[in-house]
Every structure is written in C-alpha cells, then in structure tokens.
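Geometric and topological summary
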Amino acid sequence: MADISQTLKEQILQARQTGQKLNIEGGGTKAFMGRAADTDAGTLKLAEHTGIVEYHPVELILTARAGTSLAEIEATLAEEGQCLHFEPPRFGDGSTLGGTLACNLSGPARPWSGSVRDQVLGIRLLNGRGEHLRFGGQVMKNVAGYDTSRLQAGAMGTLGAITEISLKVMPKPAMSLTLVQDMPMDDVIHYMNSRAKEPKPITGAAWVDGKVYLRLAGAKSAVEATAKKWTGEVMEQGDQFWQQLQHMQHDFFAGDEPLWRFSVGSTAANPDLDGPWLIDWAGSQRWYRGEADIARLETMAKRAGGQVSLFRGGDRTDEVMHHQPRALKEIQQRLKKSFDPDGIFNPGRLYSWL
Amino acid sequence: MTTKPKISRAELAEQFRAFIDPDFVITDDETMKPYECDGMSMYCEMPMLVVLPETAEQVQRVMRICNEHEVPVVARGAGTGLSAGAMPHKEGVVLSLAKFNRILDIDPLARTARLQPGVRNLAISEEVAQFGLYYGPDPSSQIACTIGGNVAENSGGVHCLKYGLTVHNILSVEMITAEGERVTIGSDGLDVCGMDLLALMTGSEGLLGIVTEVTVKLLPKPEIAQVVMAGFDSVQKAGDAVGGIISHGIIPGGLEMMDGYAIIAADDFAQAGYPREAKALLLCEVDGTEEEVHEHIEQAENVFRKLGATSVKTSQSEEERALLWKGRKSAFPAVGRISPDYYCMDGTIPRRHLAHVLLEMEKMSKEFDLRVANVFHAGDGNLHPLILFDANVPGEFERTEAFGSSILNLCVEVGGCITGEHGVGVEKIRQMAVQFNDEELQQFHDVKAAFDPAGILNPGKGVPALRFCQEYRSLEYKQHKHDTVDAAHG
C-alpha cells in the first residue's frame, strides 16, 4: 500500500519536457485490449500506486488507489458482506480498479446492477500537465462541475492517469440460483427480454451452445418463489457458470480466433453472421468469434442499434473500435487536447487519431 | 467568452422568422416576461429574445446563426430549475424546448422510450404504465419538469439509492452542438466505444449542447411497495437507524428523513399521522416481489425498534402508503405555509456526519437569526435545508444567502458537495471555488471549450471565471474565521 502519485507526477512533467510519450499500465492484464501500444513510448506504472484509502460499509462507498487489485478490493468487501455488483472481469491476478474503469469493463449483472461507470462517484486524475485533479466525490449525488469522472470510462487512459476512484458498493445478494434450459438462438432474444420485463429478481441472462441461462439473486424467498414460477432446471453450481462468463474463462472465449464484441439493442435481431455466438446482458452484449472485416460488422451493428469492437486478437494496428462520426471525433480530439495538450498518454491506443 | 452581440435584436428576429413561425419568435417585453427566471425566482434577467423552435433542424439553424454572431443561448425546459440555470442572458436568446413535447416511441419488450426533451417526467411513467413499466428517476417536481431538463441537471428523486439518477437511466441523446451539428451520443446498446460523452452531457446544465431527443430505459413496476415509518427522539438515532438498515443488506426503494420542524409542518399540511413529538422521522420504502418485501419489511421494523425508534408503523394499503409519502412530498409547500418565503438548499454529505452537520446548522440558525427545517434523502446523503425568511424585510434575503453559503461550505468541509441535484447555475457559482481549485476549474473551462469554442451556450453559469475565485475564497475564509472566533467567544 503506497501513494506514489508524486513520482507519477514527476514522470509526467519530465515526459512533457522531453517530448516522450507514456503508456499507462496497471496490472498489465489488459495489454491485449485497444490498438497496439506505441513501442517507442515509456511506461507510466500504476501497479504500485495501491491501497484502499477509505471504506465505509454503512455508507456503501469505497475509495481506492487506481493500482489496487480487484482481488484485494473484493476480499475487503466480502468481509462486510458487500461486493462490486457490476462484477468486473479479471483477466489475471493483477487486474486493477483503474484499468477496469479505463476500459469500462463490467460482468453479467450489468443490465440490472449497472456498469463500473455507473458506480463511480469521483476520481483523482493526473492530466497531461501533471496536475493532480479531483473530480466528483464520495457522495452518491453530486452535480457540481462536469462529470469528468465517468467520462474516463472507455477512454482507455487517453485523457490522463486515473490515480484514485471512489465508487458505490452494494450488499451481496442473500442467495442466487441459476435456471437453465435448451433454446435455439432464434427464440432466445425474445425470451430473455420477456423475462427481464417481469418485476422479478433477475441478475443474469445469457445464451451459449444452445442453452439459455437465467440467474435469480436477492432475498431468499423471492428467488425461490420466482424459480418455481419460471421454466428451466435449477443448475448445480450455477455460480461457476457466471464466474466463467464474468472472467471470460468459458470455453467460448478460448483460442486465438478474433473476438468481436457487439454492444447493441437488447431486442435487435442477431447479425446474420455464421460462426460461434455468445449472447449476454439479456441481448445487449453479443460476442462473435471469427475473421471479419470491421466495416462490414459495423454496418450490422448499426442495424442492431449499436456498435462493434474487436475485443481481442486480429489486426491491432488498424482501428479496433467502431468508427466515430466526424462531429464526435472532433469533440473527442478537442477533449483529449484539453486534458493532455501534448498527447503524452496512450497515443493511438483507443483510435489512431487520438 | 462572449463579447457584445454583433447583431441587433431586430436583425436576429428577422433571421429566425425566416424559418420559424413568427408568433414563436418573441421580442416584446410583456410576452418575454415569464421567461425572466426559472424556479429560482430571486435571480431574474430579461433576454434579448425568446424563440420556440419545433424541429431539430430549426434548433440547428438557430445555433448556427447564434454561433456565427456569438449570441449567447440559454436552453429552457419547463423552467422548474432551482439554481437559476435557465435564467436568461440579457444579450442572448432563450431557446425554449416547450414544443418538443411528444413521446416518439415506446418499446415495451426492450423497455425503452424515445422522447422529445419537453416531455414531462411524470408523463413518461403514466404513458408506459399500461405495459407494467415506469421511468425510475422521480424528482419532486416530476409533475412539471421535463426529461430534457432532467438530463441537464442529472435529476434524481427519492428512489435513486436503488434505481439511480438520470445518468443511470438513459441510453442516448440526440443533441445539437454549439456549432449547429446534429449528433447522437450513446446508442440502443448499454455502452459505446470511446469516451463516455453521455455521462459528460448529463448534468452539464445546458453548457455543452442542446438536447433534442432522449432515449430512456424503463423498469418493470415492482409487484408491491410498503413503507415503514419510524419516529426517533434524536437525529443521531435516526441516522444510526439508516446505517442499520443498509448494514442489514437492505437497499430501500426510498429512504427519507425529516427533522422536528419539517415533521410538524408536513403533518399540519397533509395530516399524514406523523409522530409530532419526534425529533426525527424516517420513511423507509421497500419494493420488489411480494415475498421479498414481506421479508425486508419485517427486518426493517426490527432494526428500527432495536435502534431506539419511539414509534414504528407500516403501511397496510396503497392509500396508507400514499398518505405517508404525501407528507414528505409536500414538505416544501408545507414549510412555505409557515413562512412568507423559504430558500431550499441542496448539499450532500457523507451520511456519518449527519448529526454533526445538523448540530452546526442549529448553531448557524441562531447566529443568522433565521429558522431552518430539514428534509434529507437519507439513503444517498442529499440534504435539503429550507431556510425560512421574509423577502419583504430589508436585508433578510442577503442574510439567508449568507446562511445558505455557510451550510454549503460546511458540506464541503465534511467531504460532501455543494449540490446534489439542483445544479450550480448562477446560484452556487461562487461555492464552486470552495469545492474546486483553479486547476480543476480551468479543466472544466477547457472541457466546455471542446464543445463550445465560442462560449455561447449558457455563459456565466456552472463554472466560475477564475479571476473571481481568489477573491471569493479569501472572503469566505475571513467569514469562516470570524464565525469560528464568534463561536469560541459565544
């Protein structure tokens, strides 16, 4: 547990002077994400900037330095019967809170519990001028100033180095249970959305290999009563399935085949593309494996009301994120400049033009 | 920032009238008068003109003209804001979105609704009730306030501990940029690639763009909801009881607290059957499936009793539940009855400091010689002190403002913030200098410039010009020192 923000600041100021670029790195478990990192750049290492700064279980709020591992945070929360209910994926022991926010990563409960971005209450950030700024706070409602904390979600470190995060945490559900049944892909979108429309304690809806999985979680009586009313068999070790999904350890994710992520309307018809699919988030997040041309997939994603990105594998020297319309591209370039005038942080990692 | 407009009122009106119904390009003082303020009526200003477009294309053309001539533009919804965020700019245009009042599409299966920004908050839930759905955020002004304004302020309401704020309940917005570009931010999916511009737009108080369409998420209406009302003989005990509920793993749909003053006023007004002798009252609503609510209500009652409640009562019918809420929901007008005027504050604090903050406020109340009643969104730490005053007594509003500003400084001191849901607007712009340092404020200005290079959108609101901040901070410091010395001598 250490606060190395002063060292980080000095490194940024020096980089600014010498014109060096910096790749931001936490636990290094998400190096596969985004476009290939600039090999000429130095590394700004957050891995040692660790520690839970404040945790008030009764307030449901935790503040930790960005390099703190998810494992440490979740273990601390578990002692109080609480959790990160956006179920952040861990791609290794080193996965950190900072990287999770920068990449906006959330697990199977996301449509019901919200994303990591939804839980963020405030951050500290070192911008490209080496200024250590504080935005938001440790309270759930706060509209003072622009929400530059949540702006970081998905920015992949292009606006600065997040050094500290305050976020909302929640009690662990008293019980959870998984229902599983066979279902063809053509029927599953309608089925999952119909279930999600009912006022029942659902916290997971996924489909893979011809089976649909629904998770119920909450008060024991409510979970059990709902399970009786709904079809599907109670799955032995259901929690294990959701953990595999959360951490992308399910067989579907194995191998080197390019992995595409479609973030689309939950009820949209599935893109007409042969190959293996995994549907999560009651239809809002769909994974596809296979070689494909991003422009073609973008057309399909757009038709489904959303976007596509090349999550892992494939050609990472080209764009891997859904293209931005001109006006939004310009705004993001200007925002980048406002936080990082010399373009020090993660050059070209999110888009080639950023 | 903006300079003097390079175009006259008559010329501007003529240009607008070329593509907008001339009746809705308003330039006479009498018709413009209702636009001079929003819900924060102490701050008034007459605009140069008021325009009411009815299509996004018209908004685009208005913005292009204003951007070209560097004319300030203040967007306005229902005008229910409580921080003077929609107060006109005297050399600018008020762009009212009142004509954008249509619900464009409801998708019950996907649980989404596409709305024009002028649709009223409550109208959404009323319209989708037929599908067993509702829209989560429910600010107190929900009868009148519009979804566009909710996006601008990131509105919450009494249910946000469990169901979140506006930012958690919208999927996308269509907006017109300061330069007149029409863009969609967000999608039908739950996230998009790149920076989270949707979060940045939410709560930006009309400083970054004009929202012309909003797609919201809808929630399945809970099977049942019940309220437990608990009275306590001290604020400290009520505060502990809030913690007790949450440590028990229960996340109430709503969790509200009122102090003694507010209890009496609200009960006089609504005859809600509140325990009038109590020093603090908690309303704890639990919603969900029947089984879950039954289980949690029983636990909540036990927790309250164990933690020293002097009275505990649970609603047994929908009518009773509505009555218990009626008192809380009418707390503002109820307080309005016992005082000629009241000033509603909106600070947030970490809940553990509640007792300390209320005690300090009591001291200030004596110092400033003004009464204060408190209602508190206890679940999320959002405090609404209502300062009672009489605007007809010379100097009393100034004293009220000073009292209010001391309260907000106290909120910041204990780790909270100056506004939970009402926004900064004009009203709290000076306190921004207490909450943020110059580097942070400059970063905000730079963010604004990325969206609005000419600085025409709602100038003078939200983020203070740095040159005033130093002065304000030293003034506040002196005031604070003075108070502390007084208190020490007192």
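Everything numeric in this text was worked out from a predicted model, so none of it was measured.

When helices and strands are tallied, chain B shows 17 helices and 19 strands. Relative to the compact-globule value of 23 Å for 490 residues, chain B shows a C-alpha radius of gyration of 23 Å, a close match. Taken along its principal axes, the extent of the C-alpha atoms in chain B is 70 × 65 × 45 Å. Scored against the burial criterion, the 490 residues of chain B give a buried share of 57%. The long-range fraction of contacts in chain B, counting pairs at least 24 apart against all pairs at least 6 apart in sequence, stands at 73%.

Attention now moves to the domain arrangement of chain B. Residues and elements named next belong to chain B. Domain boundaries assigned for chain B yield domain 1 (9–96), domain 2 (103–220), domain 3 (224–333) and domain 4 (339–489). One C-alpha centre belongs to domain 2, the other to domain 3; they are set 29 Å apart. Residue-level contacts link 5 residues of domain 2 with 7 residues of domain 3. The residue inventory of the side of domain 2 that touches domain 3, partitioned by class, reads 2 nonpolar, 2 polar and 1 charged.

Residues and elements named next belong to chain A. Counting buried positions along strand β4 (residues 61–65) gives 5 out of 5 residues, so the element sits mostly inside the fold. Every second residue of β4 is oriented toward a common face, with Ile61, Thr63 and Arg65 on one face and Leu62 and Ala64 on the other, all of them buried. The turn linking strand β3 (residues 52–56) back onto β4 is made up of 4 residues, and Leu60 within it adopts a positive phi angle of 60°. Two strands pair when backbone bridges link them, and β4 and strand β8 (residues 161–168) are joined in this way by 5 bridges, in the antiparallel orientation. Residue pairing for β8: Leu62 is matched across the bridge by Leu167.

On to the interface of chain B and chain A. Between chain B and chain A, the contact holds 77 residues from the first and 74 residues from the second. Listed by contribution, the elements that provide at least two residues to the side of chain B that touches chain A are α6 (160–163), α7 (197–201), α8 (235–247), α10 (290–306), α15 (432–435) and α16 (438–451) of chain B. The element best represented in the side of chain B that touches chain A is α16(B), accounting for 9 residues. Tallied by class, residues from the side of chain B that touches chain A come to 31 nonpolar, 27 polar and 19 charged.

The next thing to look at is helix α6 (residues 185–196) of chain A. Residues and elements named next belong to chain A. An ideal rise of 1.5 Å per residue puts 16 Å on 12 residues; α6 measures up with 17 Å between its terminal C-alpha atoms. Among the residues making up α6, those that are buried are Val188, Ile189, Met192, Asn193, Arg195 and Ala196. One side of α6 carries all its buried residues, which in axial view fall inside an arc of 160°. Within α6, the exposed residues directed more than 90 degrees away from the buried face are Asp186, Asp187 and His190. The inward-facing, buried residues of α6 abut β11 (202–208), β12 (211–218) and β15 (277–280).

In this section: the domain arrangement of chain A. Residue and element names in this part refer to chain A. Each assigned domain of chain A is listed with its residue range as follows: domain 1 (5–171 + 330–339) and domain 2 (174–255 + 257–312). With 11 residues of domain 1 at the contact, the number on the domain 2 side is 14 residues. Of the residues contributing to the side of domain 1 that touches domain 2, the split by class is 6 nonpolar, 2 polar and 3 charged.

With that settled, the discussion passes to helix α4 (residues 121–128) of chain B. Residues and elements named next belong to chain B. Considered for burial, the residues of α4 that qualify are Asn121, Ile124 and Val128. An end-on view of α4 places all buried positions within 60° of arc, on one side of the element. On the buried face of α4, the contacting elements are β5 (103–107), β6 (112–115), β7 (133–134), α5 (147–153) and β10 (210–217).

Residues and elements named next belong to chain B. Read from one edge of the open sheet, 4 strands run β1-β2-β4-β3, paired in mixed fashion. Two strands close off the open sheet at either side, each with one partner strand: β1 (25–26) and β3 (73–76). Alignment of β3 against strand β4 (residues 93–96), held across 4 bridges, turns out to be parallel. Each bridged residue has a counterpart across the sheet, and for Val73 the counterpart in β4 is Val93. On top of the sheet, helix α1 (residues 9–17) reaches β1 and β2 (49–51); it is set at about 10° to β2, its chief contact.

Bringing the sheet that holds β15(A) into the picture now. Residue and element names in this part refer to chain A. Reading across the sheet, the 8 strands line up as β13-β10-β12-β11-β15-β16-β14-β17 and stay open at both edges, with antiparallel pairing between neighbours. The two strands at the open ends of the sheet, each matched to only one other strand, are β13 (233–234) and β17 (307–312). Alignment of β11 against β15, held across 2 bridges, turns out to be antiparallel. Within β15, the position partnered with Trp207 by the bridge is Ile279.

Quick look at the packing of α8(B) against α10(B) now. Residues and elements named next belong to chain B. Packing of α8 against α10 leaves a shortest axis separation of 9 Å and a crossing angle of 145°. As for how α8 packs across α10, the hand of that crossing is right-handed. Packed against α8, whose contacting residues are Ala241, Gly244 and Ile245, the element α10 presents Ala300, Val303 and Phe304 at the interface. Residue composition of the contact of α8 with α10, by class: 5 nonpolar, 1 polar and no charged.

Further remarks concern the packing of α8(B) against helix α13 (residues 354–368) of chain B. Residues and elements named next belong to chain B. Close contact between α8 and α13 brings their axes to 9 Å; oriented N to C, the two are set at 150°. With respect to α13, the axis of α8 lies roughly antiparallel. As for how α8 packs across α13, the hand of that crossing is right-handed. Within the contact between the two elements, α8 uses Val235, Gln236 and Gly239 and α13 uses Leu354, Ala355 and Leu358.

In this section: unusual backbone geometry. Residues and elements named next belong to chain A. Phi at Leu60 takes a positive value of approximately 60°, unusual for a residue other than glycine. Relative to the elements of secondary structure, Leu60 occurs in the loop between β3 and β4. What makes Leu60 buried here is the crowd of 22 C-beta atoms within 10 Å. Even without a glycine there, the phi angle at Gln237 is positive, about 50°.

Here we come to the environment of Glu181(B). Residues and elements named next belong to chain B. On the secondary structure map, Glu181 appears in the loop between β8 (170–176) and β9 (182–186). With 18 C-beta atoms counted inside 10 Å, the residue Glu181 sits in the partly exposed group. Through-space distance from the C-alpha of Glu181 to that of Arg61 is 9.5 Å; in sequence the pair is 120 residues apart.

A word on the confidence of the model for chain B. Looking at chain B as a whole, its pLDDT mean stands at 93, while 96% of the residues score no less than 70. Counted against residues more than four places away or in other chains, residues 480–490 of chain B, with its pLDDT under 50, gives 4 contacts.

This part is about the environment of Ala301(A). Residues and elements named next belong to chain A. For Ala301, the position within the fold is in helix α9 (residues 294–303). For Ala301, a count of 25 C-beta atoms within 10 Å translates into the label buried. Along the sequence, Ala301 and Ser263 sit 38 residues apart, while their C-alpha atoms lie 7.7 Å from each other. Setting aside chain neighbours within four positions, we find Ala301 in contact with Phe262, Val264, Gly306, Gln307, Val308 and His322.

All names here are of chain A. Across the 5 residues of strand β16 (residues 285–289), 5 count as buried, placing the element largely inside the fold. Side chains of β16 alternate between two faces, with Gln285, Trp287 and Arg289 and Arg286 and Tyr288 buried alike. Bridge count for strand β14 (residues 259–263) against β16 is 5 bridges, and the pairing is antiparallel. Its bridge partner lying in β16, Ser263 is registered against Gln285. Of the pairings in the sheet, the one linking β15 to β16 comprises 4 bridges and is antiparallel in character. Residue pairing across strands places Asp280 opposite Gln285, the latter belonging to β16. Between the antiparallel neighbours β15 and β16 lie 4 residues, among them Trp281 with a positive phi of about 55°.

So, how was this worked out
Residues numbered from 1 in each chain as written. Chains lettered and ligands numbered in written order. Predicted model: local features only at pLDDT ≥ 70, side-chain atom pairs only at ≥ 80, totals over all residues. Helix = DSSP H or I, 4+ residues; strand = E, 2+ residues; numbered from the N terminus. Rg over C-alpha atoms; globule rule 2.2 N^0.38 Å. Buried ≥ 20, exposed ≤ 12 C-beta atoms within 10 Å, placed from the backbone. Contact = placed C-beta atoms within 7 Å. Domains from an automatic or database assignment. Nonpolar A, V, L, I, M, F, W, Y, C, P; charged D, E, K, R; others polar. Pairing = 2+ DSSP bridges. Expected span 1.5 Å × (residues − 1). Arc of directions from axis to C-beta. Axes fitted to C-alpha atoms, helices over the stretch in contact; angles between N-to-C directions. Left-handed = near helix turned anticlockwise from the far one by under 90°. Parallel < 35°, antiparallel > 145°, perpendicular 65-115°, else oblique. pLDDT = per-residue confidence, 0-100.

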